[in-house]
Amino acid sequence: MIQRIQTIYLIFVIVVGYVNLWQDPVYAWFTANDNSNSSVLMFWHSYAGEVRDGNALYAPDLLTAFFTGVMMIAGLVAVCSFRHRGLQLKVAWITLISSVLSVGVLYLRYFLLLWSQSNYSGKFGIHFLWPHLFIIFSALSVYNIRRDERLVRSMNRIRTQVVHELLGQHRD
């Protein structure tokens, strides 16, 4: 189970997804050009208003948390289904799709806030890198599961050819 590299990739996706849900890091922030107010986008929360004075408007965004939760659960199921590569491949595809949707929601939130406020300027934080790593490591796990499946099929084909050759020699 652990000796396969796709398991390491999926465990990385699960652990970092859990940390992002637990810590809820800031991935983007906005300030008005006249410094009148500011907004902060977090992984599954948003804060708007004058954060310096403590007057903040809180808005949860559970869509990102939902896709991250689906990604983590699908990754865990993919790790546990290592004996069934067909099922593991399907669940790894679900992990990849939910990580792409999670990043899409983060971009959507960023650009909707940027376009709705004409006097805002926005910046991405370093924590915006983590969701992109979800996509990369999910894609690598799908690739490696497919590669393992091709390897097993080729070994079965070689084994079948060898058995047929041995059986054919004994019939003579």
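Scroll up for the structure.
The sections below set out a description of the structure shown in this document. (Residues numbered from 1 in each chain as written. Predicted model: local features only at pLDDT ≥ 70, side-chain atom pairs only at ≥ 80, totals over all residues. Heavy atoms only, no water.)

## Examining the side chain of S141
Move 1: With respect to the helices and strands, the residue S141 is situated in helix α4 (residues 129-171).
Move 2: Accessibility expressed as a relative area gives 0% for S141, which makes it buried.
Move 3: Within the structure, the side chain of S141 is placed 2.7 Å from the backbone oxygen of S138, a separation counted as a polar contact.
Move 4: Excluding residues within four positions of it along the chain, S141 makes contact with Q6, Y9, L10 and A92. (Helix = DSSP H or I, 4+ residues; strand = E, 2+ residues; numbered from the N terminus. Buried < 20%, exposed > 50% of the residue type's maximum accessible area, 1.4 Å probe, protein only. Polar contact = N/O pair within 3.5 Å; in protein donor to acceptor, adjacent residues only side chain to side chain. Contact = heavy atoms within 4.5 Å.)

## With respect to the pairing of strand β1 (residues 26-32)
Move 1: Two strands pair when backbone bridges link them, and β1 and strand β2 (residues 38-42) are joined in this way by five bridges, in the antiparallel orientation. Bridge pairing in β2 places A28 opposite L41.
Move 2: Turn length for the β1-β2 hairpin, with the two strands adjacent in sequence and antiparallel, is five residues, and the turn residue N35 shows positive phi of about 60 degrees. (Pairing = 2+ DSSP bridges.)

## Regarding the packing of aromatic side chains
Move 1: In this structure the tally under the stated criterion is 14 aromatic pairs.
Move 2: On the basis of an interplanar angle of 85 degrees and a centroid distance of 5.1 Å, the ring pair of Y110 and F111 is categorised as edge-to-face.
Move 3: According to the relative accessible area criterion, Y110 is buried, its value standing at 6%.
Move 4: An aromatic cluster is defined as three or more aromatic residues linked by ring pairs; in this entry it consists of Y27, F30, Y107, Y110, F111, W115, Y120, F124 and F128. (Phe/Tyr/Trp six-rings, centres within 6.5 Å; stacked < 30°, edge-to-face > 60°.)

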